[in-house]
Every structure is written in C-alpha cells, then in structure tokens.
Amino acid sequence: MKLPLGIHVGERLSLEQTYWQAEFADQNGFESVWVAEGRLARDGIVPAAIIASKTRNVKIGTGVVNNKSRNAALMAVTFKTLDEVAPGRAILGIGAWWEPLATKVGQPLTKPIASMREYITVLQSFFRNELVDFEGDFVQMRGVRFDSMYRENKPVDIPIYIGAVGPKMLELAGEISDGVHMDFLLPPSYLAGARAAIDRGLAKRTDGKQDIDLTQIVSCSINDDDPQEAIDACKAFLTLYLCQQPHIAEHCGVERELVDRLQEIAGWPATPEDIKRAMQLVPNSLVQNVTACGSTDDAFQKLMAYHEAGVRSPIISTLGDKEQTLTRLAQAAKA
C-alpha cells in the first residue's frame, strides 16, 4: 500500500462485520486491526483473540482498553496469552477511561497521568519477565511474575501504545511508550501540537529510543452516488461523541455553546432518535474537518492529509456503507 492503513472495529459493527473486516484487512495488505472497548456494550479482548485466530498477517491491537478495570498483572498475562495465539502480532493499546462512565461504575478519573505511568511501568516489568515489586498510589505488586509451571517463562515483545489526546498524556507517551494511538475526530491541524508534546516526552527517555509510532483512528464514510449521505453518517457519529465524550470538543474546534445545545437534546445515554435530532445543528464543514467522508477521492485525500501531518498509519473506522467505504479505500491505497 502507498499509504499504510489499519482498521478500527468496535460495537457499531456486528460480530459478523467485525470478523469480515478483519479478514479483509489480513488479505488486502492492511497493517493492523484495532479492537475498541469503551461503552458497556462489548468487551475488547474476546474479539481480539478470535481475530488473532482467524488471521495470519495483520497485527492485532486494542484501541483502546483502559487502565482501571483490569489489574495490571492480569492485563500483562492477557497479552502474553494473545501473543501465544498470534506470535509477534499483539499490540496493547491502553488509555484512561472516560467520564461520566468511569464515575458511574465507581472508578472516577483521578490523576490519570500518574496512574498511567504506574500501570505501564508494571506492565513493562512483566513483559521483560522480571520479578515485580511495586508500591505506587494506584498499582501495588508484591513479588509476582509470569509463573507457568509447564513451560519456560520468557520475555514477550508486546508494544504498548497510549490512547492519548491531551498534551500531558502525549508527553508521557513520548517518554515511556512504544506508540500513540490517537482518538477519533481530531483534525490534521491538531498533529502539530501533538507531535511537539510527544517530542518533549522523547527528550526525557532513558532507553535511547528516539521516536515512537503514531497511529490515529479516522472515521470514514464513502458514497460515490450520494456523498452527502456519507457525510451524514459521520455527522451522526460526531454528534454522538460530542454529547457523550465532550472533552473531545476542545481539541476539534467545537465551541462549548454547541456542545451544550447538543447535550440538551441528546443526554447520556442518547438514543438514535436523539442523535438524529441533535445532528441538525452540526454543519458539514465541521464534520469534514475531523473525518474522511464524501466521495472516494474526498475521503482518501483526507487520509493523506493526516499522513502528511505526521500520522504514520491512519486507522479506518467505517461508518455508513461500511463495505463500500472499506473496499474503495483499500483500492485507493493500492493505486
């Protein structure tokens, strides 16, 4: 592919669509498949393991799991297991959880940078097959390690990508992680500040690493017969995100007043009917600034804009006519 691409799959897809997209990616030169986990709709680990067993070439990442709902030792052994299923293909994409869901389930976000640093430090010790003793504010480990009785315990090479948006988390990613897996709905212009934050973190590294990978999920919708229909598919998703995860608004150029008006119409959790009413307030120009939508050429040129801004591999999240969107972007990337 002239443009390295990945695919993002999540609960908006049926499991049948999820596995079809993953196998399509595996057979058509895509680099990676990233399995989302966010709303209380579908776990990310189970589909990732099934995708690993159904594919042979693509890397399988979580895009992303959170650092609160799974103990760090269990997370480490989960990815050690995924590496057994798909040797050398597993990527741990991890992020802070989001509000209001974190608080609703009794895990409010507190000092997310500090807690992420502790969690990843412990994961990396496990992956190096070390005996882990760690007494942090958020993570405590007391003399534990991989401890299979029936085979040799060895280090595992599991890259860790932080799902980062804000400058402090991006800086942490540059300092301690292997990559950044950026969220939806950030315009290419956001990458200048993001790269600067990552570079500040890289300057603090002690392992000699001079760069880390950068991927970004991009919502994509194509309809060459009716480009507006494709734009509307992305508009509905943007509206949902602004209502349910409004922290993204400050990063994608949306005024707080618009977010407040949207949330008056569509609360949490919103229904599809709520979103349909609210999306009438969102202009096409805003949608096209933060997604790749419309005709095939429109969508592919937007992916190239992300790549030129510093995203090594855009990660496609299909909306609208999902099959048309995926197949036409695959053709464009190979042309």
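Data block above holds the structure.
What you are looking at is a predicted structure, and each value in this text was computed from that prediction instead of being measured.

A. Molecular detail of the overall build of the protein. Each helix and strand counted, the protein has 13 helices and twelve strands in total. Relative to the 2.2 N^0.38 estimate, which gives 20 Å for 335 residues, the radius of gyration of the protein is 20 Å and therefore close to what a compact globule would have. Counting only C-alpha atoms, the protein reaches 60 × 40 × 35 Å along its principal axes. Counting over 335 residues, the protein shows a buried share of 55%. Look at the contacts in the protein between residues 6 or more apart in sequence, and 71% of them connect residues 24 or more apart. In the form shown here, the protein has an accessible surface area of approximately 14,600 Å², with 49% of it arising from carbon and sulfur atoms.

B. Region of the structure containing the pattern of salt bridges. Overall, the coordinates contain 17 salt bridges when judged by the stated rule. Among the salt bridges present, the one from Glu84 reaches Lys80, with a minimum N-O distance of 3.8 Å. Of this pair, Glu84 and Lys80 both sit in helix α3 (residues 72-85), separated by four residues, roughly a single helical turn. Judged by relative accessible area, Glu84 falls into the partly exposed class, the value being 47%. With a relative accessible area of 13%, Lys80 lands in the buried category. Three or more residues joined by partner-sharing salt bridges are found here, namely Glu31, Asp213 and Arg312.

C. Representation of the packing of helix α5 (residues 112-127) against helix α6 (residues 167-176) within the structure. Where α5 contacts α6, the axes come no closer than 10 Å and their chain directions differ by 20°. Here α5 lies roughly parallel to α6, going by the angle between them. Crossing of α5 over α6 shows right-handed handedness. Each of Pro112, Ile113, Met116, Arg117, Ile120 and Gln124 in α5 lies in contact with α6, whose residues at this interface are Lys168, Met169, Leu172, Glu175 and Ile176. Of the residues in the contact of α5 with α6, the class split is seven nonpolar, one polar and three charged.

D. Layout of the packing of aromatic side chains. Enumeration according to the criterion identifies seven aromatic pairs in this entry. Their ring planes at 70° and their centres at 5.4 Å tell us that Phe184 and Tyr241 sit as a pair that is edge-to-face. Here Phe184 is found in the loop between β9 (179-182) and α7 (190-202), whereas its partner Tyr241 is found in helix α8 (residues 227-244), with 57 residues between them in sequence. Owing to a relative accessible area of 5%, Phe184 belongs among the buried residues under this scheme. One aromatic cluster is present, formed by Trp20, Phe24 and Phe30 through successive ring pairs.

E. Just the environment of Lys80, in detail. C-alpha separation for the pair Lys80 and Val218, spaced 138 residues apart in sequence, amounts to 29 Å. In this structure Lys80 touches Phe146 and Val156, once residues within four positions along its chain are discounted.

F. Inspection of the side chain of Ser313 at higher detail. Relative to the helices and strands, Ser313 resides in strand β12 (residues 313-318). Under the relative-accessibility criterion, Ser313 is labelled buried at 1%.

G. Region of the structure containing the state of the cysteines. Per the stated rule, a full pass over the model turns up zero disulfides. No disulfide involves Cys234; its nearest neighbouring cysteine sulfur is the one of Cys293, lying 4.4 Å away.

H. Geometry of unusual backbone geometry. The omega torsion across Gly63 and Val64 is 0°, close enough to zero to call that bond cis. Along the chain, the position of Val64 falls in the loop between β3 (59-62) and β4 (65-66). Within the chain, Lys111 stands out as a residue other than glycine whose phi angle is a positive 45°. One non-glycine residue, Leu185, adopts positive backbone phi at about 65°. Structurally, Leu185 is set in the loop between β9 and α7.

I. Quick look at the side chain of Arg205. Within the secondary structure, Arg205 is located in the loop between α7 and β10 (213-222). Polar contacts involving the side chain of Arg205 include one to the main-chain carbonyl oxygen of Gly174, which spans 3.0 Å. Aside from chain neighbours lying at most four places away, what touches Arg205 is Ala173, Gly174, Glu175, Ile176, Ser177 and Ile212.

J. Summary view of the nonpolar core. Counting residues in hydrophobic clusters, the biggest one holds 105 residues, and the most contacted among them are Leu92 and Phe127. Those residues in contact with Phe127 that lie beyond four places of it in its chain are Ala76, Phe79, Leu92, Phe146, Pro155, Val156, Ile158 and Ile160.

K. Structural detail: the packing of helix α1 (residues 15-27) against helix α13 (residues 322-334). Look at α1 against α13: their axes get within 12 Å of each other, and the N-to-C directions meet at 10°. In terms of orientation, α1 lies roughly parallel with respect to α13. Residue-level inspection shows Gln17, Trp20, Gln21 and Phe24 of α1 in contact with α13, the latter providing Lys322, Glu323, Leu326, Thr327 and Ala330. Among the residues making up the contact of α1 with α13, the classes are represented as four nonpolar, three polar and two charged.

Cut-offs applied
Sequence order as written defines residue numbering, which begins from 1 separately in each chain. This being a predicted model, a pLDDT of at least 70 is required before a residue's local features are given, and a value of 80 or more before pairs of side-chain atoms are given or counted; all residues contribute to the totals for chains, interfaces and linings. Side-chain measures were taken over the full set of non-hydrogen atoms in the model, leaving aside hydrogen atoms and water. Where helices and strands are cited, they refer to DSSP runs of H or I of at least four residues and of E of at least two residues respectively, numbered from the N terminus. Radius of gyration means the value over C-alpha atoms here, while the globule rule gives 2.2 Å times the residue count to the 0.38 power. Relative accessible area decides the class of each residue, using a 1.4 Å probe on protein chains only: under 20% of the type maximum gives buried, over 50% gives exposed, and in between gives partly exposed. By definition, residues are in contact when any of their heavy atoms lie within 4.5 Å. Accessible surface is estimated by sampling points in the Shrake-Rupley manner with a 1.4 Å probe; for residues, cover comes only from the protein chains shown. Any Lys or Arg side-chain nitrogen found within 4 Å of a carboxyl oxygen on Asp or Glu counts as a salt bridge. Lines fitted to C-alpha atoms define the axes here, with helix axes fitted over just the stretch in contact, and angles between the N-to-C directions of these axes take values from 0 to 180 degrees. Relative orientations are named as follows: roughly parallel for angles under 35 degrees, roughly antiparallel for angles over 145 degrees, roughly perpendicular for angles from 65 to 115 degrees, and oblique for any other angle. What makes a crossing left-handed is the near helix being turned counterclockwise from the far one by less than a right angle; a clockwise turn instead makes it right-handed. Charged residues are taken to be Asp, Glu, Lys and Arg, nonpolar residues to be Ala, Val, Leu, Ile, Met, Phe, Trp, Tyr, Cys and Pro, and polar residues to be all remaining types, Gly included. When the centres of two rings from Phe, Tyr and Trp lie within 6.5 Å, Trp using its six-membered ring, the rings pair. Their planes under 30 degrees apart give stacked, over 60 give edge-to-face, and anything left gives tilted. Cysteine sulfurs are considered disulfide-paired once they come within 2.5 Å of each other. The definition of a polar contact used here is a pair of N or O atoms within 3.5 Å, where within protein one atom must be able to donate a hydrogen and the other to accept one, and adjacent residues in sequence count solely through side-chain atom pairs. Only buried residues count toward a nonpolar core, which is a set of Ala, Val, Leu, Ile, Met, Phe, Trp, Tyr and Cys residues joined through side-chain atoms within 4.5 Å.

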